[in-house]
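Residue strings, one per chain:
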Protein chains: 2
Amino acid sequence: MYYAKPLAALVSEFEKMPGIGPKSAQRLAFYVLRLSEKEAEDFVKAVKDVKSLIRTCDTCYNYTEGTRCSVCSDDTRDKSLLCVVAEPRDVVAMERTHEYRGLYHVLGGVISPMDGITPDMLRVRELIERVGKGAFKEVILATNPTIEGDATSMYIAGLIKPMGVKVTRIAQGMPVGSDMDYADKATLIEAMQWRREM
Amino acid sequence: MYYAKPLAALVSEFEKMPGIGPKSAQRLAFYVLRLSEKEAEDFVKAVKDVKSLIRTCDTCYNYTEGTRCSVCSDDTRDKSLLCVVAEPRDVVAMERTHEYRGLYHVLGGVISPMDGITPDMLRVRELIERVGKGAFKEVILATNPTIEGDATSMYIAGLIKPMGVKVTRIAQGMPVGSDMDYADKATLIEAMQWRREM
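So, here is what we can say about the structure in this document. (Residues numbered from 1 in each chain as written. Chains lettered and ligands numbered in written order. Predicted model: local features only at pLDDT ≥ 70, side-chain atom pairs only at ≥ 80, totals over all residues. Heavy atoms only, no water.)

Description of the sheet that holds strand S5 (residues 138-141) of chain A
Residue and element names in this part refer to chain A. Our working definition: Criterion used throughout: strands pair if DSSP finds at least two bridges between them. Put simply, DSSP marks the helices as runs of H or I at least four residues long and the strands as runs of E at least two long, and each gets a number from the N terminus on. In this description, a line fitted to the C-alpha atoms serves as the axis of each element, helices being fitted only across the stretch in contact, and the angle between N-to-C directions of two axes falls anywhere from 0 to 180 degrees. Residues count as neighbours in contact if any of their non-hydrogen atoms are within 4.5 Å of one another.
The four strands lie next to each other as S4-S3-S5-S6, forming an open sheet whose pairing is parallel. Pairing within the sheet leaves two strands with one partner each, and these edge strands are strand S4 (103-106) and strand S6 (166-169). The sheet shows a mean angle of 25° between the axes of neighbouring strands, direction not considered. As judged from the four bridges shared by S5 and S6, these two strands associate in the parallel manner. Bridging across to S6, Glu-138 finds its partner in Lys-166. Of the strands in this sheet, strand S3 (81-85) and S4 touch helix H4 (residues 88-96), which is tilted by about 155° from S4. In the packing of helix H6 (residues 147-160) onto the sheet, contacts are made with S3, S5 and S6, and the angle to S6 comes to roughly 170°.

Digging into a positive patch on the surface
Counted only if it meets this: Like-charged residues within 9 Å of one another, or nonpolar side chains (Val, Leu, Ile, Met, Phe, Trp, Tyr) within 5 Å, are grouped into patches, provided each residue has over 30% relative accessible area and no salt bridge. We get accessible surface area from the Shrake-Rupley algorithm with a probe of 1.4 Å; when it comes to residues, only the shown protein chains can shield them. Salt bridge, as applied in this entry: a Lys or Arg side-chain nitrogen positioned within 4 Å of an Asp or Glu carboxyl oxygen. Counted as positive: Lys and Arg. Counted as negative: Asp and Glu. His and the chain ends are not counted at all. Taken as the charge location is NZ of Lys, CZ of Arg, CG of Asp or CD of Glu. Buried, partly exposed and exposed residues are distinguished by accessible area as a fraction of the type maximum, computed with a 1.4 Å probe on protein chains only: under 20%, between the cut-offs, and over 50%, respectively.
On the surface, a cluster of positive charge is contributed by Arg89(A), Arg96(A), Lys23(B) and Arg27(B). Mapped by element, the contributors of at least two residues to the positive patch are H4 of chain A together with helix H2 (22-34) of chain B. Tracing the backbone shows Lys23(B) in helix H2. Judged by relative accessible area, which is 61%, Lys23(B) ranks as exposed.

Structural notes on empty space enclosed by the protein
Operational definition: Definitions used for this entry: grid spacing 1 Å over protein atoms alone; cavity, a set of points where a 1.4 Å probe fits but cannot get out; pocket, an open set with protein on both sides within 12 Å along at least 5 of 7 lines; lining residue, one with an atom within 4 Å of a point. Grid points are joined across faces, edges and corners, and a volume is the space filled by probe spheres set on the points.
Applying the stated criterion across every chain yields a total of one cavity of 30 Å³ or more. Of the volumes computed, that of the largest cavity is approximately 40 Å³. As for the largest cavity, its lining consists of Tyr2(A), Tyr3(A), Ala4(A), Leu7(A), Phe30(A), Asn62(B), Tyr63(B), Pro88(B) and Val92(B).

Quick notes on the nonpolar core
The line we're drawing: For the purposes of this section, nonpolar cores are sets of buried Ala, Val, Leu, Ile, Met, Phe, Trp, Tyr and Cys residues that join through side-chain atoms within 4.5 Å.
Counting residues in each nonpolar core, the largest one holds 50 residues, and the members touching the most others are Phe14(A) and Phe14(B). Sorting the residues of this core by element identifies helix H1 (5-15), helix H2 (22-34) and helix H3 (37-53) of chain A together with helix H1 (5-15), H2 and helix H3 (37-53) of chain B as the ones contributing at least two each. With residues near it in sequence (within four places) discarded, Phe14(B) still touches Phe14(A), Met17(A), Phe43(A), Ile20(B), Ala25(B), Leu28(B), Ala29(B) and Val32(B). Among the nonpolar cores identified, the runner-up in size contains 32 residues, and Val106(B), Val131(B), Ile156(B) and Ile160(B) belong to it.

Brief notes about unusual backbone geometry
Phi is positive for His98(A), close to 60°, though the residue is something other than glycine. The residue His98(A) is located in the loop between H4 and S4 in this model. A positive phi is found at Tyr61(B), a non-glycine position, where the angle reads about 70°. Summarising the element assignment, Tyr61(B) is placed in the loop between strand S1 (55-56) and strand S2 (63-64).

Description of the state of the cysteines
Residues and elements named next belong to chain B. The line we're drawing: Disulfides are defined as cysteine sulfur pairs within 2.5 Å.
Under the criterion given, the structure shown has zero disulfides over all chains. For Cys-57, which is in no disulfide, the shortest distance to another cysteine sulfur is to Cys-60 and amounts to 3.9 Å. For Cys-57, a relative accessible area of 1% puts it in the buried group. The structure places no disulfide on Cys-83, whose sulfur is separated from the nearest cysteine sulfur, that of Cys-60, by 11 Å.

Examining the environment of Tyr31(B)
The topology assignment puts Tyr31(B) in helix H2. It is 51 Å that separates the C-alpha atoms of Tyr31(B) and Lys133(B), two residues lying 102 residues apart in sequence. Residues within four places of Tyr31(B) in sequence aside, it is in contact with Lys16(A), Met17(A) and Pro18(A).

Focus on the relation of the copies chain A and chain B
Definition in use: Least-squares superposition of the copies uses the C-alpha atoms of those residues scoring a pLDDT of at least 70 in each of them.
Overlay of chain A on chain B (RMSD 0.1 Å): rotation 180°, translation along the axis 0.0 Å. Here the symmetry operator amounts to a two-fold rotation axis. Across chain A, the rotation axis passes nearest the C-alpha of Val44(A), at a separation of 3.0 Å. Here 100% of the contact residues of chain A are again contact residues in chain B; the copies associate through an equivalent surface.

Purely geometric numbers; function is a separate question.
Written as structure tokens, this is what we have:
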């Protein structure tokens, strides 16, 4: 036992978190220990608030505080465009670009037979219903460029195309500012296949 | 605003933590959001327990749950050896080796005029009192091999040596398993200066 018991308990709580190894967990626990009473209370409150106040949007399943997220309730958004993503964090990534002005649909994951994730465990049915009812001109599939992400997009495209709505997939290619010489083979192959006339 | 407000608040709480950038903070906040009620309660309890139950040992100033830490209250420890460290985390590092069986003294930092840390802000007086009263045969100075750590050890050695107690400093040299070719100059110089006859 290197730590007093309550300290060991907090270290092990932090160790459960993604990307946090034993070293970081210790550093974070010691950080908490050195917080003032006020700071510790603020932190505990933030954890509790997230658990009690955050839910998923009734329309797009993004995280939100009320029943409708800030994107869905924003009248200036382009309601003819729907971007389909796997996770709420992907909405954050997209919003950061300040380029996309349409709506979102969060699937809640990707199809992955290996992990036992089938389409009925995602918000695919809700997506189809939404596209069926809505006046979307284009559905943009923005799942990750991975085997599962590609397969999920393929599956969804197969369902939406027969509905007469345009379906697109975000491009795969070289990251901006990257180096040909350091690009992995798969990326380079995709970059070639996605090439466009200038 | 990419996040709902309670989520933004938790992200910013995590961002304050050492070694946690915006990306990690988001990942941790999303992790908390996906915890079960039980798991979130366990986490909050661990944070609160650390704040309410952990204090510093009356003798060595290491973190402890009671008034005396597990090392100080362990009768099998060698009471003739005292290892002086800067922080409680250094005790953890030392204990992990399972080699050292003496006692500790935690200074609570190092002397650093740049940061306005003077000897009277550390547990130096308490150390001198302890050495004066105790039956220590050797005091091992185990502050970091940095300018501040070295200066702190020098300062303490200057106070303890006149008391007739043997004072030693942990060695500086090449890390085990490292490569001469990749060693930085300062380390190599120290490794030469600390060399020992075989």
